[in-house]
Amino acid sequence: MALKIKTNIRDLLYKDLKNRISKNKLSNSVLSNIGKELVEDFKASIEVGLSPIQGKGRYEGYKNPTNYPDKIQNKFPNKKRRPVNLILSGDFLRTLIYKISLSNNSITIGFFDKKSQKKEQGHREGYKGQPSRPIIPEGNEKIKSSIISKIKNKLISEYNKII
Amino acid sequence: MNKISYKFDPFEISNRDAPKKNINKIKKEIAEFVLDQVLNNVGHGKSPVKGEAWKKSLSPNYKKVKSKLSSSSIANMELTGSMLDRLEVKQIKDGDLELRIVGREADKADGHCQLSGRKSRLPKRRFIPSQNQTFKNEIISGIKDIIDGFED
């Protein structure tokens, strides 16, 4: 009598891969490379006036451009009406950094000093009547697909080497 | 002209079967992704259309004009921002998605994209594909990733 075994190949592979990923942690250097890319992608998005947050789209133009940014151009000659890129001196976005945790294999991206955190909050809430221009996802918000896709591909490439 | 547009079926252009579940959710995410990618490419002076490219540099005269309003000195389709503010990707009646500019900015966009066949003084800088074209490979890959990332 023939013995038949029916196996769901996809389930087998899925369970095996899931176990291997949870058992094999990414190294410090790999996490650092991913963190660095994440920060660069955030900045590349913001510098052309796009929020890095899913669904937030393009940063809205200045409400009263003859006031801001036109009036501060004496002090900051490169600050113009477009693109709306959250750059004045550049100090704020320079403080956008990543931190890694080897113990739980995670990366945190954000502003870690109080001054920049206040500025980020101001952009999110719309300081002095400006439109909201959020940078760091909050609550149910997510990083946008284009950035996640790049990071996922990098992760797949790294896990292919170790599992 | 009232509208300049590119209509596409995201499953057809990415060679993926349309899923049985979550189809509207997937299309919404793809619409946001495509809009973001078009704006991101254009913002960096690149065409999002496969096979298209344009010179990033500006004429000296226009560079001078642009420098009064913009901190960018490359061909990024943004002087006042009014045209790119009108760029959108929407789901239309037959279920396809449409990358488009509707309203008075459509003429300006056509001056750059040159899809209507009308003469334009401007160099061709196509950021909306013609119906015979498609998006560049990295955008198609991103659409595939979104579709593949949803459970069946």
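Model, not experiment: these values are computed from the prediction.

(A) Region of the structure containing the interface of chain A and chain B. Counting from both sides, the interface comprises 21 residues of chain A and, opposite them, 25 residues of chain B. With both sides pooled, the region where chain A packs onto chain B buries about 1,800 Å², and carbon together with sulfur makes up 43% of that total. Among the residues chain A hides against chain B, the three largest losses belong to Arg58, Lys80 and Arg82 of chain A. Together they make up 33% of the total. Between chain A and chain B we count five salt bridges in total.

(B) Geometry of unusual backbone geometry. Residues and elements named next belong to chain A. Going from Tyr68 to Pro69, the amide bond is cis rather than trans, its omega being 15 degrees. Looking at the secondary structure, you find Pro69 in the loop between helix H2 (28-47) and helix H3 (91-94). Arg82 connects to Pro83 through a cis peptide bond whose omega is -10 degrees. Positionally, Pro83 belongs in the loop between H2 and H3. Despite not being glycine, Asn105 has its phi angle at roughly 50 degrees, a positive value. Inspection of the secondary structure assignment puts Asn105 in the loop between strand E1 (96-101) and strand E2 (106-111).

(C) Helix H5 (residues 145-162) of chain A, seen in detail. Taking 1.5 Å of rise per residue, 18 residues should cover 26 Å, and H5 of chain A covers 26 Å from first to last C-alpha, within 8% of that figure. Those residues of H5 of chain A not exposed but buried are Ser145, Ser146, Ile147, Ser149, Ile151, Glu158 and Tyr159 of chain A. Where H5 of chain A is buried, its residues touch helix H1 (9-23) and H2 of chain A together with helix H2 (23-43) and helix H6 (137-148) of chain B.

Thresholds applied
- Residues numbered from 1 in each chain as written.
- Chains lettered and ligands numbered in written order.
- Predicted model: local features only at pLDDT ≥ 70, side-chain atom pairs only at ≥ 80, totals over all residues.
- Heavy atoms only, no water.
- Contact = heavy atoms within 4.5 Å.
- Buried area = accessible area lost by both parts, 1.4 Å probe.
- Salt bridge = Lys/Arg side-chain N within 4 Å of Asp/Glu carboxyl O.
- Helix = DSSP H or I, 4+ residues; strand = E, 2+ residues; numbered from the N terminus.
- Expected span 1.5 Å × (residues − 1).
- Buried < 20%, exposed > 50% of the residue type's maximum accessible area, 1.4 Å probe, protein only.

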